[in-house]
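# Secondary and tertiary structure notes
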Amino acid sequence: WTINITKWWTANINQEFINRHYKGAIFNEGLYANENLTTVFLKVYNQFKFSHGWSGDVTTTYRSKLLLWQSILRSRTQLHAGIQKKVNEKATVTLAASDIFHSAITRRLTTIQYAEVYYYMENDTQIFTISFSYRFGKALNRRERKTGIEAEAGRVN
């Protein structure tokens, strides 16, 4: 979904609902699984256009608990943001951050017959960048091109 909240703020919303149902025998040990869980994926991308060459964006992602056969991944959220200043027609300065709150942590609980295994993985996903870009050379004038069909249509008329 794309929503124009104001003339300077646009939001793109992407959502997904997944229901996983695992049912069946586990190995040959007489164990049986019948697990069911609905997972929600939500991503909201906000784009801001300000005056004097300024723009920015904020992206949030969320995933609720996720069932993976005998394992359950715990919910996870992330926040990414950036701000940009167009200095002139050729130069741009950007400040951006990924996983601002360092929340991209994987937590998984696996339950088997006589044990539970808890898995915790924390990657270094938090990134801050400053960049400067400059376009060298002059802008090229693009000439209008016609396809063969358009040229033939001109001859018919």
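Structural notes, computed from the coordinates. (Residues numbered from 1 in each chain as written. Predicted model: local features only at pLDDT ≥ 70, side-chain atom pairs only at ≥ 80, totals over all residues. Heavy atoms only, no water.)

## Quick notes on the sheet that holds strand S5 (residues 66-68)
- Reading across the sheet, the four strands line up as S5-S6-S9-S10 and stay open at both edges, with antiparallel pairing between neighbours. Each end of this open sheet is capped by a strand with a single partner; those strands are S5 and strand S10 (115-122). For this sheet the average axis-to-axis angle between neighbouring strands, irrespective of direction, equals 20 degrees.
- One ladder, built from three bridges, connects S5 with strand S6 (residues 71-73); its direction is antiparallel. Following the sheet pairing, Leu 67 is matched in S6 by Ile 72. (Pairing = 2+ DSSP bridges. Helix = DSSP H or I, 4+ residues; strand = E, 2+ residues; numbered from the N terminus. Axes fitted to C-alpha atoms, helices over the stretch in contact; angles between N-to-C directions.)

## Looking at the sheet that holds strand S11 (residues 127-134)
- Spatially, seven strands are ordered S1-S2-S3-S4-S7-S8-S11 in an open sheet, and the strand pairing comes out antiparallel. Every other strand in the sheet has two partners, leaving strand S1 (2-6) and S11 as the edge strands with one partner each. The sheet shows a mean angle of 15 degrees between the axes of neighbouring strands, direction not considered.

## Some words on unusual backbone geometry
- Within the chain, Trp 69 stands out as a residue other than glycine whose phi angle is a positive 55 degrees.
- Residue placement: Trp 69 occurs in the loop between S5 and S6.
- Overall, Trp 69 belongs to the partly exposed group, its relative accessible area being 28%.
- Here the phi dihedral of His 102 falls at roughly 50 degrees; this positive angle occurs in a residue that is not glycine.
- Note that His 102 resides in the loop between strand S8 (91-98) and strand S9 (105-112). (Buried < 20%, exposed > 50% of the residue type's maximum accessible area, 1.4 Å probe, protein only.)

## A closer look at the packing of aromatic side chains
- Counted under the stated rule, the structure contains seven aromatic pairs.
- An angle of 35 degrees between the planes, with centres 6.2 Å apart, marks the rings of Trp 8 and Phe 48 as tilted. A residue pair is termed long-range when its members are at least 10 positions apart, and Trp 8 in the loop between S1 and strand S2 (9-26) and Phe 48 in strand S3 (residues 31-49) qualify at 40 residues.
- Exposure remark for Phe 48: the relative accessible area of 16% places this residue in the buried category.
- With 5.5 Å between their ring centres and 40 degrees between their planes, Trp 9 and Phe 48 make a pair best called tilted. (Phe/Tyr/Trp six-rings, centres within 6.5 Å; stacked < 30°, edge-to-face > 60°.)

## A word on the pattern of salt bridges
- The final tally for this structure, using the stated rule, is one salt bridge.
- Two residues, Lys 86 and Glu 89, come together in a salt bridge whose shortest N-O distance is 3.8 Å.
- With relative accessibility at 37%, the residue Lys 86 sits in the partly exposed group.
- What makes Glu 89 exposed here is its relative accessible area of 64%. (Salt bridge = Lys/Arg side-chain N within 4 Å of Asp/Glu carboxyl O.)

## Regarding the environment of Tyr 62
- Position of Tyr 62 relative to the elements: it lies in strand S4 (residues 54-63).
- When the C-alpha positions of Tyr 62 and Val 44 are compared, they lie 9.0 Å apart, and in sequence the two are 18 residues distant.
- Not counting the four nearest positions on each side in its chain, Tyr 62 is found in contact with Val 40, Phe 41, Leu 42, Ser 75, Arg 76 and Thr 77. (Contact = heavy atoms within 4.5 Å.)

## Section: the layout of surface pockets
- A volume near 180 Å³ is recorded for the largest pocket.
- In terms of lining residues, the largest pocket is bounded by Ile 26, Tyr 32, Ala 33, Glu 35, Leu 67, Trp 69, Gln 70, Ile 72, Leu 109 and Thr 111.
- Residue assignment for the lining of the largest pocket shows that the elements contributing at least two residues are S3 and S9.
- The greatest single-element share of the lining of the largest pocket, amounting to three residues, is contributed by S3.
- Its residues assigned to classes, the lining of the largest pocket shows seven nonpolar, two polar and one charged. (1 Å grid on protein atoms, 1.4 Å probe; cavity = no way out; pocket = protein on both sides within 12 Å on 5 of 7 lines; lining within 4 Å. Points joined across faces, edges and corners; volume = space filled by probe spheres on them. Nonpolar A, V, L, I, M, F, W, Y, C, P; charged D, E, K, R; others polar.)

Read these as geometric descriptors, not functional statements.
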